[in-house]
Amino acid sequence: MADFRPELAEEARRRLGASLAEQREANRRWQAMVRSPRSRGALARYRSVLGPPESTARRTIGDLECEALLWPLPLWPDLRFEVLAAPDGAVWNEWLVRAPGAPGPALRAPEDLRPWSATVDEVARAFAPVRPMEGTAPTRWRLAFTAQGRPCVAEFTYGLLQRVSVDGAELDAR
């Protein structure tokens, strides 16, 4: 997320009480775990790093059944890290979603879309119909939509809004 919003990532690191060295070490350990030739599957990695999920539920998406696992995150108390796993444990999706019962932001205009304020699902519902677009990395998504007669593109990392462009120009990040 620091690729899009370094100032927010720096503020988050401070709020969590972590030094820059601790942040780099945590990232180094995560990258080593992901790239290890003896690496466990993604679901086992998440359980190892995040502990037991706060909740699990069976979910049907189309004709596919999966398990949805949710973890709380200290940085975003109103969000949960959601992993959708196949019956064999393969991870199909991993992103941030609004916590059950937590109110989402009021989204009526592109100017309401502030970085780190909304999830993919919230933007998709608020500005339907949307057109999913390919992201620039596996953990990134983009949605194209029209709001107030203007073409918009919202970009997300791990399902959390990072930036919005309207008529091809990035909105002020505030």
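In this text the structure is predicted, and so the values were computed from the model without any measurement. (Residues numbered from 1 in each chain as written. Predicted model: local features only at pLDDT ≥ 70, side-chain atom pairs only at ≥ 80, totals over all residues. Heavy atoms only, no water.)

*Asks:* In this structure, what is going on with the packing of helix 2 (residues 20–35) against helix 3 (residues 42–50)? I would like to understand it.
*Replies:* In helix packing, the relevant descriptors are the interaxial angle and the interaxial distance, both defined with respect to the helix axes. The interhelical angle for the contact between helix 2 and helix 3, taken along N-to-C directions, is 155 degrees, at an axis separation of 11 Å. Of the possible angle classes, the one that applies to helix 2 and helix 3 is roughly antiparallel. Of the two possible hands of crossing, helix 2 and helix 3 adopt the one that is right-handed. Two secondary-structure elements touch here, helix 2 through Trp30, Met33 and Val34 and helix 3 through Arg45, Tyr46 and Val49. For the contact of helix 2 with helix 3, the per-class residue count stands at 5 nonpolar, no polar and 1 charged. (Axes fitted to C-alpha atoms, helices over the stretch in contact; angles between N-to-C directions. Helix = DSSP H or I, 4+ residues; strand = E, 2+ residues; numbered from the N terminus. Parallel < 35°, antiparallel > 145°, perpendicular 65-115°, else oblique. Left-handed = near helix turned anticlockwise from the far one by under 90°. Contact = heavy atoms within 4.5 Å. Nonpolar A, V, L, I, M, F, W, Y, C, P; charged D, E, K, R; others polar.)

*Asks:* Can you walk me through the pairing of strand 8 (residues 160–166) in this structure?
*Replies:* When a strand is regular, its side chains alternate between the sheet's two faces. The element strand 8 is largely enclosed, with a buried count of 5 among its 7 residues. Inspection of the sheet shows strand 7 (residues 150–157) paired to strand 8 by 6 bridges, in the antiparallel sense. Bridged to Cys152 within strand 8 is Val166. Hairpin connection from strand 7 to strand 8: 2 residues lie between these consecutive antiparallel strands, with Tyr158 at a positive phi of about 50 degrees. Sheet topology places strand 8 next to strand 9 (residues 169–170); 2 bridges connect them, and they run antiparallel. (Buried < 20%, exposed > 50% of the residue type's maximum accessible area, 1.4 Å probe, protein only. Pairing = 2+ DSSP bridges.)

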